[in-house]
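Inside the fold
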Amino acid sequence: WREENLPEGQPSLQQSTNQACMVEDILNENLLQSTLDLRLGRQFIFQQDNNPKHTAKISKEWLQDNSVNVLEWPSQSPDLNPIEHLWGDLKMAVHRCFPTNLMELERCCKEELVKLAKDRCAKLVASYSKRLEAVIAAKGALTKY
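Predicted, not measured: the structure shown is a model, and the values here were computed from it.

Quick notes on the rules
- Chains are numbered independently. Their residues run from 1 in the order of the written sequence.
- Side-chain atom pairs in this predicted model are given and counted only at pLDDT of 80 or more, local residue features only at pLDDT of at least 70, and totals for whole chains, interfaces and linings cover all residues.
- Heavy atoms from the whole structure form the basis of all side-chain values; hydrogens and water molecules are not counted.
- Under the DSSP-based scheme used, a helix requires at least four consecutive residues in state H or I and a strand at least two consecutive residues in state E, with every element numbered from the N terminus.
- We define a salt bridge as a side-chain nitrogen of Lys or Arg found within 4 Å of a carboxyl oxygen belonging to Asp or Glu.
- Exposure is judged per residue with a 1.4 Å probe applied to protein chains only, and the accessible area is read against the type maximum: over 50% gives exposed, under 20% gives buried, and values in between give partly exposed.

**Some remarks on unusual backbone geometry**
Of note, Arg39 is a non-glycine position whose phi angle comes to about 55°, a positive value. For Phe98, which is not a glycine, the phi torsion comes out positive at approximately 50°. By secondary structure assignment, the location of Phe98 is in the loop between helix H4 (83–97) and helix H5 (102–115).

What follows is the structure in structure tokens.
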């Protein structure tokens, strides 16, 4: 397949490779340090979806080489990760800033991220079991979450 023959919205091999390398950089720069900062030790399970950049060989090898336990996640599963709700909140807040260039976008993202209420985060984490039960009851179909 040549890149111009890919279905619309389908990333090219080069784009997928670049995204997987970016994920590896993010893991290198953030994951292990975050576990130290949160005092998790090695007793944590890492959750991610089945996005191709997460399941790329380079990403899988990094996780295995660094002894990271990864939660098995079926393909086509509902997204139960609480962070997705926070990304939505951040996206709406940034949209209200009307950034006109990259520097304004970065500034706005940083300012709005700090403003996200800690109680909102706590509620999302606390609601995880309810969301999981709803997905099980719906047999994997859409839920109100």
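There is more to say, and it comes next.
**Regarding the pattern of salt bridges**
Applying the stated criterion to the full structure yields five salt bridges. Between Arg107 and Glu111 there is a salt bridge, and its shortest N-O distance comes to 3.1 Å. Residue Arg107 and its partner Glu111 are both found in helix H5; the two are separated by four residues, about one turn of the helix. We note a salt bridge from Glu112 to Lys115, for which the minimum N-O separation is 3.2 Å. Note that Glu112 and Lys115 are positioned in helix H5 at a spacing of three residues, about one turn of the helix. The buried category is assigned to Glu112, whose relative accessible area is 13%. According to the relative accessible area criterion, Lys115 is exposed, its value standing at 57%.

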